[in-house]
2 protein chains.
Amino acid sequence: MCGILGNRFPGGFFVVTLEDVARHAGVSLATASRVLNGSARQVGAGLRAKVEQAAAELGYRTNVAAQTLARGAGNVIGLVVHDLVDPYFAAIADGAVKAAEDHGMVVMVGTTHRDPAKEIAYVSSLGAQRARAVILAGSRMDDPSAAGLRAELDRYRAGGGRVAVVGQDLLGADTVAVANRAGAAALAEALHAMGHREFAVLAGPPRLITAVERCEGFAGALPGLSPQIIHGPFDRDGGYGAALSIDPGVTCVFAVNDVMAVGALAAFRDRGIRVPDDVSLAGFDDIATLRDLVPALTTVRLPLAEMGARAVELALSEEAGPSVVHVEGEVVIRESVRAR
Amino acid sequence: MCGILGNRFPGGFFVVTLEDVARHAGVSLATASRVLNGSARQVGAGLRAKVEQAAAELGYRTNVAAQTLARGAGNVIGLVVHDLVDPYFAAIADGAVKAAEDHGMVVMVGTTHRDPAKEIAYVSSLGAQRARAVILAGSRMDDPSAAGLRAELDRYRAGGGRVAVVGQDLLGADTVAVANRAGAAALAEALHAMGHREFAVLAGPPRLITAVERCEGFAGALPGLSPQIIHGPFDRDGGYGAALSIDPGVTCVFAVNDVMAVGALAAFRDRGIRVPDDVSLAGFDDIATLRDLVPALTTVRLPLAEMGARAVELALSEEAGPSVVHVEGEVVIRESVRAR
DNA sequence: CTGTTAGCGCATTCAG
DNA sequence: CTGAATGCGCTAACAG
């Protein structure tokens, strides 16, 4: 029945094309195309049924590559994150994937593991894929190394792609802007109100924008006080390391993200320092996977999945100029902090 | 300088094609193709340089869709997981993305959130993308609902795609097989050797293969004993709920994965049951993000990232029949378990 | 080593 | 409403 249809491939496979379907249904290629793919044109009910049946019988599958080539635009959205194992990015990715799916798009993820060169390489690759949009999550360093990325993004946009950023509004692109300063400030105020006066901030890398904003927002909301600032990597081990050099008098420690707070917690435990008895500890992000930690982490909750989803929606919207969506964090006081 | 090159697009963008590059370099289309894309053919140094310069000047970017169409094979690998937020899948995804990158491929992820229909839909979509391979992570239910998936996978393979599975060897595909039974058995023996005799297993869904294997492996290694089996969802809340109905005499609880163990830990804490003082607790997977839990979780370590990487390598290998790679778990005793 | 020539599978004018 | 014809950008024979 399908002896004359389909093409044999090297491996010995068949592949049914639109033309096969059209022939089998006794209609033109154009008509088959119109019914099988979302065309604006209408097709008579009779032919439509024929085509659909033929497609089903033959097991027709759209060739997305051909479609993309013919249409000049594909259905992939690129997502570039630092590390999928970091629950912060995993949550964002989850939201992005879900939103993309709602729009009939698929997501391609790239992980850079904080290598700027890889970030650029992924944007380039996504450009080659003619991805509809690329979403960048995780803040870049506030330094010259970002120039290469910028250039690559410009190229990408010059080719007709959209770009959206999760983090801060820096690249002149659509942005899901996190109110890091405000969130950290609110946290600082809450902590201050609980009687704390001697603070330390596990501040992350000195030039990582998200870290800097949270650190500054926190310190800025503590008039007259000057918290001890300790820099280090933005991850669990960074928190562990930084916690080791906290000054003796400190009663409350703010780690600029939850994952670092976990590291700090481990450091305290290893040194026999009890939380919150001896020192209070707070983080930022409210990572779901970490909610069962003991003591439960005081933090600033961010709608991570929603942020990812919003980013793809921004990138897919038809808005003219780059638009910015703001998201606020919500202070959540839990057992890791105790009033003084 | 580029007034006659490139095509203007609706949005007003340029897009430089290989033909533009060839013309600009004064060579043939074929030659340009050969130098710019990994062809086996050699090109003279002179022309090669010319082409490369032309490409750079014009800002040429390969059109992957066209390439895929012409070649009949693309460079995407599909990865289908249940939930990126679950650190188990995140780790596997991380490994897969890295491995794919090493092979010059990109990864498209789909999340099903345990909806079989979505799993099928993703495989179908990946087929349309002419994805080189699809990796399925997370075990499917051992029931009729898997039939649809099987059919879809067959269609996918009929089109020339490869499929690899992370979990158990069931689909007749390349498989990264986890020694769930052996790992759970080894754990049981270790626990038994520490003096435990009264066990409970937070067993997960009755028909989820991974869960069943772990449960059976565990119980099977406890001759003469019959642990209390409590079924429930395979996630954190499932562990919490199941832990609520543990019999009084039990001294040691095995949750079939770490995430469930975390839930159980929370349940114990809420009810004033101390771990490991009142009851010992063990999990499975050794999720990195959970290593700082207190008490530290006794578990069976799985090389998650490596499993993901192996899966893509299997799928990309030229091996004829479906091959199976076995991975073993390693028992890791930590503070959540105490000898009796 | 290099150029010419056909398609790859599909969307889309443009006629009818 | 339907069909015929053209081209998307690139690769891969096939000649030269």
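Residues numbered from 1 in each chain as written. Chains lettered and ligands numbered in written order. Predicted model: local features only at pLDDT ≥ 70, side-chain atom pairs only at ≥ 80, totals over all residues. Heavy atoms only, no water.

Focus: the overall build of chain A
Part 1 of the argument: When its secondary structure is counted, chain A shows 12 helices and 12 strands.
Part 2 of the argument: Across its three principal directions, the C-alpha atoms of chain A cover 85 × 40 × 35 Å.
Part 3 of the argument: Across the 340 residues in chain A, those meeting the buried criterion constitute 54%.
Part 4 of the argument: Pairs at least 24 residues apart make up 72% of the contacts formed inside chain A by residues separated by at least 6 positions. (Helix = DSSP H or I, 4+ residues; strand = E, 2+ residues; numbered from the N terminus. Buried < 20%, exposed > 50% of the residue type's maximum accessible area, 1.4 Å probe, protein only. Contact = heavy atoms within 4.5 Å.)

Brief notes about the environment of Ala158 of chain B
Residues and elements named next belong to chain B.
Part 1 of the argument: Here Ala158 lies in helix α7 (residues 146-158).
Part 2 of the argument: Residue classification places Ala158 among the partly exposed residues on the basis of a relative accessible area of 43%.
Part 3 of the argument: Taking the C-alpha atoms as reference points, Ala158 and Gly127, 31 residues apart in sequence, are found 9.9 Å from one another.

Side note on the relation of the copies chain A and chain B
Part 1 of the argument: Superposition of chain A onto chain B requires a rotation of 180° combined with a translation of 0.1 Å along the rotation axis, giving an RMSD of 0.1 Å. Taken together, these values place the two copies in the relation of a two-fold axis.
Part 2 of the argument: The fraction of interface residues of chain A whose copies in chain B are also interface residues reaches 100%, indicating that both copies meet through the same surface. (Least-squares fit on C-alpha atoms with pLDDT ≥ 70 in both.)

With respect to the sheet that holds strand β1 (residues 76-81) of chain B
Part 1 of the argument: Reading across the sheet, the 12 strands line up as β11(A)-β5(A)-β4(A)-β3(A)-β1(A)-β2(A)-β2(B)-β1(B)-β3(B)-β4(B)-β5(B)-β11(B) and stay open at both edges, with mixed pairing between neighbours. Pairing within the sheet leaves two strands with one partner each, and these edge strands are β11 (324-327) of chain A together with β11 (324-327) of chain B. Taking the axes of each pair of neighbouring strands and ignoring which way they run, one obtains an average angle of 20° across the sheet.
Part 2 of the argument: Pairing geometry for β1 of chain B and strand β3 (residues 133-137) of chain B, over 4 bridges, is parallel. Bridging across to β3 of chain B, Leu79 of chain B finds its partner in Ile135 of chain B. (Pairing = 2+ DSSP bridges. Axes fitted to C-alpha atoms, helices over the stretch in contact; angles between N-to-C directions.)

Details of the pattern of salt bridges
Part 1 of the argument: Counted by the stated rule, this structure contains 38 salt bridges over all chains.
Part 2 of the argument: Taking the shortest distance from any N to any O, the salt bridge between Glu216 of chain A and Arg181 of chain A comes out at 2.3 Å. Of the two residues, Glu216 of chain A is situated in helix α9 (residues 209-220) and Arg181 of chain A in helix α8 (residues 180-193); the sequence distance between them amounts to 35 residues.
Part 3 of the argument: By relative accessible area, Glu216 of chain A is classed as partly exposed at 40%.
Part 4 of the argument: When its relative accessible area of 40% is taken as the criterion, Arg181 of chain A is described as partly exposed.
Part 5 of the argument: Taking the shortest distance from any N to any O, the salt bridge between Arg334 of chain B and Asp286 of chain B comes out at 3.1 Å. Taken together, the residues Arg334 of chain B in the segment after β12 (330-332) and Asp286 of chain B in the loop between β9 (280-282) and β10 (299-301) connect sequence positions 48 residues apart. Of the two residues, Arg334 of chain B and Asp286 of chain B, neither departs from the other in class, the shared state being buried.
Part 6 of the argument: Through salt bridges with shared partners, a single ionic network connects Asp286, Arg291, Arg301 and Arg334 of chain A. (Salt bridge = Lys/Arg side-chain N within 4 Å of Asp/Glu carboxyl O.)

Concerning the protein's contact with DNA strand D
Part 1 of the argument: Close to DNA strand D lie 29 residues; Arg34 and Gly44 of chain A together with Leu18, Ser33 and Tyr60 of chain B are nearest.
Part 2 of the argument: When atoms of DNA strand D within 4 Å of the protein are sorted by moiety, sugar and phosphate together comprise 66%.
Part 3 of the argument: In this structure, Leu18 of chain B approaches DNA strand D through a main-chain N or O atom, which is 2.3 Å from a phosphate oxygen.
Part 4 of the argument: Between a phosphate oxygen of DNA strand D and a side-chain N or O atom of Ser33 of chain B, the distance comes to 2.7 Å. (Near = heavy atom within 4 Å. Polar contact = N/O pair within 3.5 Å; in protein donor to acceptor, adjacent residues only side chain to side chain.)

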